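In case you want the letters, here they are:
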Amino acid sequence: MELKALLKVHNFSCSKRYGQNFLSDPQLLSAIASDGAQEGDTVLEVGAGAGTLTRALCGLGAHVTAFEIDERLRPVLNESLAGEDVEIIYADVMNYDLSSLELGKYRVVANLPYYITTPVIFRFLYDENLLSLTVMVQKEVADRICAKEGTPEYGALSAQMQAMGNVRITRRVPRGMFFPSPDVDSAVVRLDIAPICSRELLPHYKRAVAAAFAMRRKTLANNLTAAYSITKQKAEELVREVCGNCSARGETLSPACFVRLAELLKEA
Ligand code: SAM
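Calculation notes
Throughout, residues of each chain are indexed from 1 in the direction in which the sequence is written. This being a predicted model, a pLDDT of at least 70 is required before a residue's local features are given, and a value of 80 or more before pairs of side-chain atoms are given or counted; all residues contribute to the totals for chains, interfaces and linings. Water and hydrogen atoms were dropped before computing side-chain values, which therefore reflect all heavy atoms in the structure. Using a grid of 1 Å spacing that covers the protein atoms alone, one calls a set of points a cavity when a 1.4 Å probe fits there but cannot get out, and a pocket when the set is open and has protein on both sides within 12 Å along at least five of seven lines; lining residues are those with an atom within 4 Å of a point. Grid points are joined across faces, edges and corners, and a volume is the space filled by probe spheres set on the points. Secondary structure elements follow DSSP: runs of H or I of four or more residues count as helices, runs of E of two or more count as strands, with numbering from the N terminus. Only Asp, Glu, Lys and Arg are considered charged, only Ala, Val, Leu, Ile, Met, Phe, Trp, Tyr, Cys and Pro nonpolar, and every remaining residue, Gly among them, polar. Reported domain spans reflect what an automatic or database domain assignment gives. Contacts are residue-level and defined by heavy atoms, with any inter-residue pair within 4.5 Å sufficient. Defined in terms of a 1.4 Å probe, buried area is the accessible area two parts forfeit on being brought together, summed over both. Salt bridges are defined by distance alone: a side-chain nitrogen of Lys or Arg within 4 Å of a carboxyl oxygen of Asp or Glu. Here a polar contact means two N or O atoms within 3.5 Å. Within protein one must be a hydrogen donor candidate and the other an acceptor candidate, and residues neighboring in sequence count only if both atoms are side-chain atoms. Only protein chains enter the area calculation, which uses a 1.4 Å probe; residues under 20% of their type maximum are buried, those over 50% are exposed, and those in between are partly exposed.

1. Digging into empty space enclosed by the protein
Inspection of the entire model under this criterion finds two cavities of 30 Å³ or more. Roughly 310 Å³ of internal volume is contained in the largest cavity. Elements supplying a minimum of two residues to the lining of the largest cavity: β1 (22-23), β2 (42-46) and α3 (52-60). Across the lining of the largest cavity, the residue classes tally to 16 nonpolar, eight polar and three charged. Here the second largest cavity is characterised by a volume of approximately 50 Å³. In terms of lining, the second largest cavity is formed by Gly-19, Asn-21, Asn-111, Leu-112, Pro-113, Tyr-114, Phe-178, Pro-182 and Ser-186.

Following this line, the structure appears as C-alpha cells:
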C-alpha cells in the first residue's frame, strides 16, 4: 500500500517530536539501501517509521534489526513488513543495551530522526563491531561531516568522524521527497570504518579535538594552554612540531595531524 494510504488506514499522524519525516519513493529507497548495505549483511536500522527503508533493506537480502521508539507504529509496521524476515525492537535506541543483540559485525543504515542525529552517530561510531554507517542527515550536517581541514564547515564533528574512517556523501535528497516535508534539505553520508587512530589513543584524540575547537577564534596553542596543564611556550612548540606553524588554528589541522598532536599531548 502507498505510504499516505497506509498511514491513513491506521489513523496515524506523524510526530514532529520524534522526527517523523518518512520516505516513500521506491527508487530512492532502494538507492539508499544499496548505498549502505548488500546481500547477506547484518544491518541495524534506527527508526523504522512506516517500514519503507526497512523493506528496501530486506529486499537487498540483508538481515535487518530495526529500532522504533513509537509504539503507535506497531500496527503500521505489522502490515508493511508482513512476511519480511526482520526484527523490530520497540525501544529508544539511545537507552538500549546494544551488546544484548549479539549482532556480530554489522552496518548501520538509517534515515535518522534529526533531533538526535549526533548522539545516534556517536552511539555507534566507536563500536568495534561497526563496519559502516550510512545515514540520512540534514544537508548542513553532511557537509560538516565530510568537510576538509581549512574550510569553514570543518570542525570537531569532521575530525572525529574522519579519524574513524572514510566519509563521503552518497546522495543529496531534497525536502520534497519526505512526508511530511521537513524545513531542511538532506543528504546521505556513508562512513566506512578504517581508523587512523588507535583505540588506545582515541581518548587523547577526542580531548585534543575538543580543546582545539573550544574557541574557534583562538589559536590552537591558546586553546591547548586553556585545556591542558602546559605553558603557552610548550603548546606552541607542540603545534609547530605538528604543522610547522606555531600560530595555526585548530581548523587547519587534518585528522592525521590531530593524531600526531594527541600522541605528543599524551606524553607532555
Ligand atoms: N525509516 C523511516 C523512513 O525512512 O521513512 C522513518 C525515518 S524517520 C526520519 C525517523 C524514525 O525514527 C521515526 O519513525 C521515529 O519515530 C524514530 N525514532 C525517533 N527517535 C527514536 C529513538 N530514540 N529510538 C528509536 N527510534 C526513534
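2. A short note on the domain arrangement of the chain
Structurally, the chain comprises domain 1 (3-193) and domain 2 (202-267). For domain 1 and domain 2, the distance between their C-alpha centroids amounts to 34 Å. Listed by partner, the interface residues are 13 residues for domain 1 and 13 residues for domain 2. Buried surface at the junction of domain 1 and domain 2, both sides included, amounts to about 960 Å², of which 67% is carbon and sulfur. Area buried by domain 1 at its contact with domain 2 is led by Tyr-126, Glu-149 and Tyr-154, which between them contribute 42% of it. Taken together, the connections running from domain 1 to domain 2 amount to zero salt bridges. Put simply, domain 1 and domain 2 have four residue pairs in polar contact (both at pLDDT 80 or more) between them.

3. Observations concerning the environment of Thr-118
Looking at the element boundaries, Thr-118 is found in helix α5 (residues 117-125). Given a relative accessible area of 33%, Thr-118 falls into the partly exposed group. Considering only alpha carbons, one finds Thr-118 and Val-141, 23 residues apart in sequence, at a separation of 9.0 Å.

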